[in-house]
Amino acid sequence: MSAATVTAPRTLSSRVSPLATVRHTLTLAWRTLVQIKHNPMELIDLSVQPIMFVLLFTYVFGGQMAGGHPTAYLQYALPGIIAQNALFATLNTGVGLNTDITKGVFDRLRALPISRMSPLAGRIAADTVKQVWSMGMLLAVGIIIGFRVKTDVAGVAGALLLLVVMSFAVSWVSVLIGVLVSAPEKVQIFGFATIFPMSFSSSAFVDVHTMPGWMQAWAKVNPVSFLANATRGLINGGAVATPVAQSLISAVIVAVVFAPLAVRALRRRI
């Protein structure tokens, strides 16, 4: 009687062709997107929450902030709301990644002859599509209730591209947290403890010159202020070059610092 041969499970391969890596990434991105069909609440969350922010800021705070003219405040605040929402949406990457790891999805993928980084790249690609959907919803609702784009299609496209670039950079922070923590809820706790105060201590919703002096100093170097100012300039008109450059530099710094840490942590965990 011959001894049974035990075959070790295959691991995610890092030796696949670039074309195969792209194909694997797109397949896994589609897997993430198609889950919305079976979980419509995810799409509702991507749509309803941003819309609620626009309506509440316009009709609850707008009258006070703009002397009884809510749409005047909307003209200032909507770019900041879009910027804040883009940063908050990066938490979905960390939450989804942590869920896949803790529920064993990565263990199943390890048995497939695919690129080692395709699961992560697919997750980020799918979340980028969701980001664009959410941004479009915010802009559309804003226009319906009185917001007016004062530049052109190129300006709006530039704002969208900049938001995607910054979101991609910040998503590496979310990935790192998603890999390190033990439950998806902890990723959200981290996000609210960081992104929330950074957003409200920036120029996203108010002019920084109305803040106390010590807070102005922080708000002027806050990356969220750079992103909000750049988005506002590209959509509303005004200064563009400096805030866009500041946003891109911030994105590069965040990506350079956190992307290697996130990739290293992911490789250790899977």
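Residues numbered from 1 in each chain as written. Predicted model: local features only at pLDDT ≥ 70, side-chain atom pairs only at ≥ 80, totals over all residues. Heavy atoms only, no water.

1. Section: the nonpolar core
Thought 1: Among the nonpolar cores identified, the biggest contains 55 residues, and Val54 and Trp172 are the most heavily contacted of them.
Thought 2: At the level of elements, helix 2 (40-65), helix 3 (70-89), helix 4 (91-102), helix 6 (118-144), helix 7 (153-180), helix 8 (184-200), helix 10 (223-236) and helix 11 (241-269) are the ones that each hand at least two residues to this core.
Thought 3: Per-element accounting of this core gives the leading share, eleven residues, to helix 7.
Thought 4: If we skip the residues at most four places from it in the chain, Val54 touches Leu74, Leu78, Ile81, Leu138, Val141 and Ile145. (Core = buried A, V, L, I, M, F, W, Y, C linked by side-chain atoms within 4.5 Å. Buried < 20%, exposed > 50% of the residue type's maximum accessible area, 1.4 Å probe, protein only. Helix = DSSP H or I, 4+ residues; strand = E, 2+ residues; numbered from the N terminus. Contact = heavy atoms within 4.5 Å.)

2. Remarks on helix 10
Side chains three or four residues apart in an α-helix point the same way, a direct result of the helix having 3.6 residues per turn.
Thought 1: Here helix 10 contains 14 residues, and its C-alpha end-to-end distance of 19 Å stays within 8% of the 20 Å for a straight helix at 1.5 Å per residue.
Thought 2: When you tally the buried positions in helix 10, you get twelve out of 14 residues, the bulk of the element.
Thought 3: Every buried residue belonging to helix 10 is among Val224, Ser225, Phe226, Leu227, Ala228, Ala230, Thr231, Arg232, Gly233, Leu234, Ile235 and Asn236, and all of these are buried.
Thought 4: In this structure, the buried residues of helix 10 make contact with helix 3, helix 7, helix 8, helix 9 (213-219) and helix 11.
Thought 5: A distance of 3.0 Å separates the backbone nitrogen of Val224 from a side-chain oxygen at the start of helix 10, and that oxygen is part of Asn222.
Thought 6: Phi turns positive one or two residues past the end of helix 10, at Gly237, with a value near 95°. (Expected span 1.5 Å × (residues − 1). Polar contact = N/O pair within 3.5 Å; in protein donor to acceptor, adjacent residues only side chain to side chain.)

3. With respect to a nonpolar patch on the surface
Thought 1: A surface patch of nonpolar side chains, about 750 Å² in accessible area, is lined by Met41, Ile44, Val48, Met52, Leu56, Val60, Phe61 and Met65.
Thought 2: Considering the arrangement of structural elements, one finds Met52 in helix 2. (Patch = residues over 30% accessible without salt bridge, like charges linked within 9 Å, V, L, I, M, F, W, Y side chains within 5 Å. Areas by Shrake-Rupley, 256 points an atom, 1.4 Å probe, with all protein chains shown as cover. Salt bridge = Lys/Arg side-chain N within 4 Å of Asp/Glu carboxyl O.)

4. Some points on the packing of helix 6 against helix 7
Thought 1: Between helix 6 and helix 7, the least distance of the axes is 10 Å, while the angle of their chain directions is 135°. Viewed along their axes, helix 6 and helix 7 adopt a mutual orientation that is oblique. Considering only the axes of helix 6 and helix 7, their crossing is right-handed. Only Val156, Leu160, Leu163, Val164, Ser167, Phe168, Ser171, Trp172 and Val175 of helix 7 make contact with helix 6, whose side of the interface consists of Leu120, Ile124, Thr128, Gln131, Val132, Met135 and Leu139.
Thought 2: Considered class by class, the residues forming the contact of helix 6 with helix 7 number twelve nonpolar, four polar and no charged. (Axes fitted to C-alpha atoms, helices over the stretch in contact; angles between N-to-C directions. Parallel < 35°, antiparallel > 145°, perpendicular 65-115°, else oblique. Left-handed = near helix turned anticlockwise from the far one by under 90°. Nonpolar A, V, L, I, M, F, W, Y, C, P; charged D, E, K, R; others polar.)

5. Some remarks on the side chain of Thr231
Thought 1: Examined against the element boundaries, Thr231 turns out to sit in helix 10.
Thought 2: We classify Thr231 as buried; its relative accessible area is 0%.
Thought 3: Sequence-distant contacts of Thr231, defined by excluding residues within four places in its chain, comprise Pro79, Ala159 and Leu163.

6. Describing the environment of Arg108
Thought 1: Positionally, Arg108 belongs in helix 5 (residues 105-109).
Thought 2: Distance in space between the C-alpha atoms of Arg108 and Leu28 is 13 Å, their sequence separation being 80 residues.

7. Remarks on the packing of aromatic side chains
Thought 1: Applying the stated criterion across every chain yields a total of ten aromatic pairs.
Thought 2: For the ring pair Phe192 and Phe196, a centre distance of 6.3 Å and an interplane angle of 40° mean the geometry is tilted. Of this pair, Phe192 and Phe196 both sit in helix 8, four residues apart, which is roughly one turn of that helix.
Thought 3: The exposure class of Phe196 is partly exposed, given its relative accessible area of 34%.
Thought 4: Ring centres of Phe200 and Phe205 lie 4.9 Å apart, and the angle between their planes is 35°; on these two criteria the pair is classed as tilted.
Thought 5: Residue Phe200 is classed as partly exposed on the basis of its relative accessible area, which comes to 37%.
Thought 6: These aromatic residues form a ring-pair network of at least three members: Phe53, Phe57, Phe61, Phe88, Phe192, Phe196, Phe200 and Phe205.
Thought 7: Lying over the aromatic face of Tyr76, Arg232 brings its terminal NZ or CZ to 3.8 Å of the ring centre. (Phe/Tyr/Trp six-rings, centres within 6.5 Å; stacked < 30°, edge-to-face > 60°. Lys NZ or Arg CZ within 6 Å of the ring centre and 35° of its normal.)

8. Quick look at the confidence of the model for the protein chain
The predicted coordinates of low-pLDDT regions are not to be read in fine detail.
Thought 1: Here the protein chain averages 87 in pLDDT, and 94% of its residues register 70 or above.
Thought 2: Across the protein chain, element-level confidence peaks in helix 10 with a mean pLDDT of 96 and bottoms out in helix 5 with 76.
Thought 3: A low-confidence stretch, residues 1-11 stays under pLDDT 50, and its non-local contacts, those more than four residues away or across chains, total five contacts. (pLDDT = per-residue confidence, 0-100.)

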